[in-house]
Structure formats: C-alpha cells, structure tokens
Amino acid sequence: MSFGFDLNEYTPFESRELLPEGVYRLLIIDAEEKDTKDNKGKRLNLVYQVCGGQYEGAKIFEGLNIINKNPVAEKIARRILKSIEIACGIENLTDKEQLLNREFDAEVTTEPAKINAETGKTYSARNIIKKYLPAGTPQKTVARTPVQPKLDSDVPPWLANAK
C-alpha cells in the first residue's frame, strides 16, 4: 500500500516548539486514564489544544496522578483537577468524559529542562499551565499573550520545519 506522497519532499521533524508565555484559550481534546508505572495508582493524561491566534492547533500535555501512593502528588493532582472543573464550568466532575471538548483560558509558562539527580534522566523544557481560568475571564493585568512577528507564510510556526 502506498502513502500517496513522497517523503523526500519533507525534512525530518525536530523538537516541538514551545509556546511563549501568555494566556491562551485551550480546548480539552483528550482525557485518558492509565495505571501508573508501578500499577498502584491512576494517572489522568490530558491533551489541550490552543484555540485561535497564531498558535492555533498547538498542544499542551499534562499528567495528573489522581490516585497515587504519594499523598502530596495525589493532593496536587486533585487540586489541579478541581481548578479545571471550575474553569470549565463543570458541576460535580466525576468522569474524564465530562472534560472532553471543554474550553478554558490558561496562563501558560515554560518549565526549564532538567536532569533527575537520582536517575540522571534528562527532561526537555516544556509548557505547563500556571493558572486555569474560565473562558473569557478578563485579565487584571495587561494581556500576556505575546505579540507575534509577521510570518511570510500561512504555515503555523510549530509546523514551519515539518516540511
């Protein structure tokens, strides 16, 4: 079976571009519950997609340890989930399916690259959500969505190197 296109017309995909810090409208496009690596807990993996603006379609990934042997990790995850529930206007969130196709505003920042001191494993820099807000919440400060440079192309910046 043929793909129907020539891969020689494309350059390899490099690293995923990070979103500049700012406030973005996000849509929850996936919510998957999985067992933790040790099979003693549950992790809720969420995928958010930017709605509108220059970065429309860009994704942010978040994993919440909703059931975990570490009570601090579990409490943090559940507090984040409560913030998402409020930002999305959901009453009595009890199932991951209630999250799908919900929009909210998010203050996005960047977590720098790091190395785990115990394992030596390296982690790339990534976008994280600093604050979850109901969609359309007026910002008390000047909007932090960055001013974007003009592009000579209709191709979104995170896909510019994909070809």
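In this report, the structure presented in the accompanying data block is examined. Please read these numbers as outputs of a predicted model, since none were measured by experiment.

1. Description of the sheet that holds strand β2 (residues 42-50)
In step 1: Strand order in this open sheet of five strands is β3-β2-β1-β4-β7, and the pairing throughout is antiparallel. Each end of this open sheet is capped by a strand with a single partner; those strands are β3 (59-67) and β7 (126-133). This sheet shows a mean twist of 45° between the axes of neighbouring strands, independent of strand direction.
In step 2: Across nine bridges, the pairing between strand β1 (residues 22-35) and β2 is antiparallel. When the bridges of β2 are listed, D35 appears paired with K42.
In step 3: Packing of helix α1 (residues 71-88) onto the sheet brings it into contact with β1, β2, β3, β4 (103-111) and β7, and relative to β3 it is tilted by some 125°.

2. Quick word on the packing of aromatic side chains
In step 1: Under the counting rule described, the total for this entry stands at four aromatic pairs.
In step 2: Between F3 and F5, the aromatic rings sit 5.4 Å apart at their centres with planes inclined by 20°, giving stacked as the arrangement.
In step 3: Judged by its relative accessible area of 66%, F3 is exposed.
In step 4: Ring plane angle 35° and centroid distance 5.8 Å describe the contact between F104 and Y132, whose orientation is recorded as tilted. Residue F104 is found in strand β4, and its partner Y132 is found in strand β7; the two are separated by 28 residues along the sequence. In this pair, the class of F104 matches that of Y132, namely buried.
In step 5: Here the aromatic cluster, defined as three or more aromatic residues joined through ring pairs, consists of Y48, F104 and Y132.

What counts and what doesn't
Residues numbered from 1 in each chain as written. Predicted model: local features only at pLDDT ≥ 70, side-chain atom pairs only at ≥ 80, totals over all residues. Heavy atoms only, no water. Pairing = 2+ DSSP bridges. Helix = DSSP H or I, 4+ residues; strand = E, 2+ residues; numbered from the N terminus. Axes fitted to C-alpha atoms, helices over the stretch in contact; angles between N-to-C directions. Contact = heavy atoms within 4.5 Å. Phe/Tyr/Trp six-rings, centres within 6.5 Å; stacked < 30°, edge-to-face > 60°. Buried < 20%, exposed > 50% of the residue type's maximum accessible area, 1.4 Å probe, protein only.

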